[in-house]
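Observations on the model geometry
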Amino acid sequence: MRVLVTGGAGYIGSHTVLALLETGHDVLVVDDLSNSSEESLRRVAELAGREARFVQANVRDAAALDAAFAGFSPDAVIHFAGWKAVGESTQIPLTYYRENLGSTFTLLEAMAAHDCHQIVFSSSATVYGELSEPPFTEDSPTGATNPYGRTKHMIEQILADAAAADAELRVAVLRYFNPIGAHASGRIGEDPKGIPNNLLPFVAQVATGRRDKLMVFGDDYPTPDGTGLRDYIHVVDLAAGHLAALDYLGGHGGFHVWNLGTGDPKSVLDIVHAYEGASGVAIPYEIVARRPGDVAASYADVTRAHKELGWQARKSVEQACEDTFRWQSENPDGFADS
Ligand code: NAD
Ligand code: WQD
């Protein structure tokens, strides 16, 4: 297939582009590099032995997108491009609505104009909020508690409406739980700018001495060790889930939603210990107050993805920690090292 990947230079996108190239698909990445570096795509090409084409553009740029579609004639789109920091989204909500919703509109319009009818969208478990108890099924109630989450929730609804209005349009919404890890080669991985928001990148920087200690946000949750429970999924498993969704869309019309997680929740301290095991380095930590907006537990019911896509997560949290440690040790400053 010919697959246009928005946000393909980013963390999850680069791992998925690699999996697409390795499977024999042709790829065009559209990314404005607002949160990534083209070096990730150079390394993907080195690992795959072949290149993805690349256009540096904002997905909201209709003229650039039109030229990209005209030159590449994609069969399908995977839409990763988006701003993703929950805290930042409460500070600059309009930017989040503009970038995340605006890019989706431009993309859907370009798809319609260029006879492209399949889209896989990066949604998030954040849409389950605190509306019900985990494990969450795809039919659990959805909503959102912050502007970032609302963009994901709104885009899901926009895609459902677009699919209802156009019998040709095929949509896969993938609700990721907590992506972690890196490619086993140590060549690509997560390269957050500034202070990491997410647990594993923070722990990884404590292990290499870039940060003093981890702040554990609360140990008084109603969970086995009192710290938050999450469903951490290896990014390489997540990438494989996108290929499975594309295959499914090849044979089925309509609008579909799948959780991509492991279904096996881990606590913050489980992750600390797994990382200590992988790195051989003690991770100093301090228990501090709960982080506003955090839920006690979030994990998936993964039955539907297993049944319908034949997909399931295969890699453990321990493997993810080993892969992150390799990536972080060999690239202490991320892609800026090269
Ligand atoms: P990332 O920031 O590494 O990748 C996103 C990429 O999109 C970046 O390369 C960025 O430069 C690009 N981009 C952003 N806005 C753009 C625009 N308007 N036009 C062109 N390029 C643009 O993030 P990621 O972790 O790889 O996440 C990918 C997607 O998955 C995002 O939509 C995110 O919301 C979603 N998601 C991520 C997580 C997570 O924890 N990482 C969890 C659930 C969902
Ligand atoms: C995991 C656990 C924290 C950092 C976020 C987004 C969600 C999705 C994934 C995009 C929690 C604890 C964390 C730290 C800590 N992204 N923690 N100290 O909050 O589950 O999900 O990323 O869609 O939308 O909200 O992930 O990695 O931030 O936190 O104790 O320095 O680690 O309290 O229990 P979260 P996270």
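Residues numbered from 1 in each chain as written. Chains lettered and ligands numbered in written order. Predicted model: local features only at pLDDT ≥ 70, side-chain atom pairs only at ≥ 80, totals over all residues. Heavy atoms only, no water.

On to the pattern of salt bridges. Scanning the model with the defined rule gives 16 salt bridges in all. The salt bridge partner of Asp294 is Arg291, with a shortest N-O separation of 3.1 Å. Arg291 sits in the partly exposed class, given a relative accessible area of 35%. Residues joined in a network through salt bridges with shared partners are Arg2, Asp26 and Arg50. (Salt bridge = Lys/Arg side-chain N within 4 Å of Asp/Glu carboxyl O. Buried < 20%, exposed > 50% of the residue type's maximum accessible area, 1.4 Å probe, protein only.)

This brings us to the site of ligand 2. The local shell around ligand 2 holds 18 residues, among which Ser124, Tyr148, Met215, Arg230 and Asp294 are the closest. Within the side chain of Asn198, an N or O atom sits 2.9 Å from an oxygen atom of ligand 2. Leu199 places a main-chain nitrogen or oxygen 2.8 Å from an oxygen atom of ligand 2. Here ligand 2 loses 87% of its free accessible area of 690 Å² to cover by the protein chains. Counting residues per element, the shell around ligand 2 draws most heavily on strand S8 (residues 214-217), at 4 residues. (Near = heavy atom within 4 Å. Polar contact = N/O pair within 3.5 Å; in protein donor to acceptor, adjacent residues only side chain to side chain. Areas by Shrake-Rupley, 256 points an atom, 1.4 Å probe, with all protein chains shown as cover. Helix = DSSP H or I, 4+ residues; strand = E, 2+ residues; numbered from the N terminus.)

Put simply, Pro134 and Pro135 share a cis peptide bond, and its omega is 5 degrees. Inspection of the secondary structure puts Pro135 in the loop between strand S5 (118-124) and helix H6 (147-165). Despite not being glycine, Ser73 shows a phi value in the positive range, around 50 degrees. Relative to the helices and strands, Ser73 resides in the loop between helix H3 (62-72) and strand S4 (76-79).

Turning to the sheet that holds strand S9 (residues 229-230), a few remarks are in order. Spatially, 3 strands are ordered S12-S9-S14 in an open sheet, and the strand pairing comes out mixed. Both outer strands of the open sheet, strand S12 (266-267) and strand S14 (297-298), are each paired with one neighbouring strand and no more. With 2 bridges joining them, S9 and S12 adopt antiparallel strand pairing. Bridge assignment links Arg230 to a residue of S12, and that residue is Lys266. (Pairing = 2+ DSSP bridges.)

For ligand 1, the set of nearby residues contains 28 residues, the closest of which are Asp31, Asn35, Ser36, Phe80 and Tyr148. One nitrogen or oxygen atom from the main chain of Ile12 is found 2.8 Å from an oxygen atom belonging to ligand 1. Contact distances for ligand 1 include 2.8 Å between an oxygen atom and a side-chain N or O atom of Lys84. Burial of ligand 1 by the protein amounts to 96% of the accessible area it has alone, namely 830 Å². Within the residue set of the shell around ligand 1, elements represented by two or more residues are helix H1 (11-22), S5 and H6. Tallied by class, the residues present in the shell around ligand 1 amount to 13 nonpolar, 10 polar and 5 charged. (Nonpolar A, V, L, I, M, F, W, Y, C, P; charged D, E, K, R; others polar.)

This part covers empty space enclosed by the protein. This model, assessed by the stated rule, comprises 1 cavity of 30 Å³ or more. Taken together, Gly181, Glu190, Pro192, Leu200, Pro201, Thr324, Trp327 and Gln328 make up the full set of residues lining the largest cavity. Of all the elements, helix H11 (residues 317-330) adds the most residues to the lining of the largest cavity, at 3 residues. When its residues are assigned to classes, the lining of the largest cavity shows 4 nonpolar, 3 polar and 1 charged. (1 Å grid on protein atoms, 1.4 Å probe; cavity = no way out; pocket = protein on both sides within 12 Å on 5 of 7 lines; lining within 4 Å. Points joined across faces, edges and corners; volume = space filled by probe spheres on them.)

Look at H1 against helix H8 (residues 235-251): their axes get within 8 Å of each other, and the N-to-C directions meet at 60 degrees. Comparing their axes, H8 and H1 come out oblique. With respect to the hand of their crossing, H1 and H8 are arranged in right-handed fashion. Together, Tyr11, Ile12, His15, Thr16, Ala19 and Leu20 of H1 and Val235, Val236, Leu238, Ala239, His242, Leu243 and Leu246 of H8 make up the contact between the two elements. The class makeup of the residues in the contact of H1 with H8 is 10 nonpolar, 3 polar and no charged. (Axes fitted to C-alpha atoms, helices over the stretch in contact; angles between N-to-C directions. Parallel < 35°, antiparallel > 145°, perpendicular 65-115°, else oblique. Left-handed = near helix turned anticlockwise from the far one by under 90°. Contact = heavy atoms within 4.5 Å.)

With that settled, the discussion passes to the nonpolar core. Within the largest apolar cluster, 42 residues are counted, with the highest numbers of intra-cluster contacts made by Val5, Val17, Leu20, Val27, Val120 and Trp258. Top contributing element to this core by residue count: H8, with 9 residues. Once you skip the residues sitting within four places of it in the chain, Val17 turns out to touch Val5, Gly8, Val27, Val29, Val44 and Ala52. Core analysis: the next-biggest nonpolar cluster, separate from the first, contains 26 residues, Phe69, Cys116, Val173 and Val257 among them. (Core = buried A, V, L, I, M, F, W, Y, C linked by side-chain atoms within 4.5 Å.)

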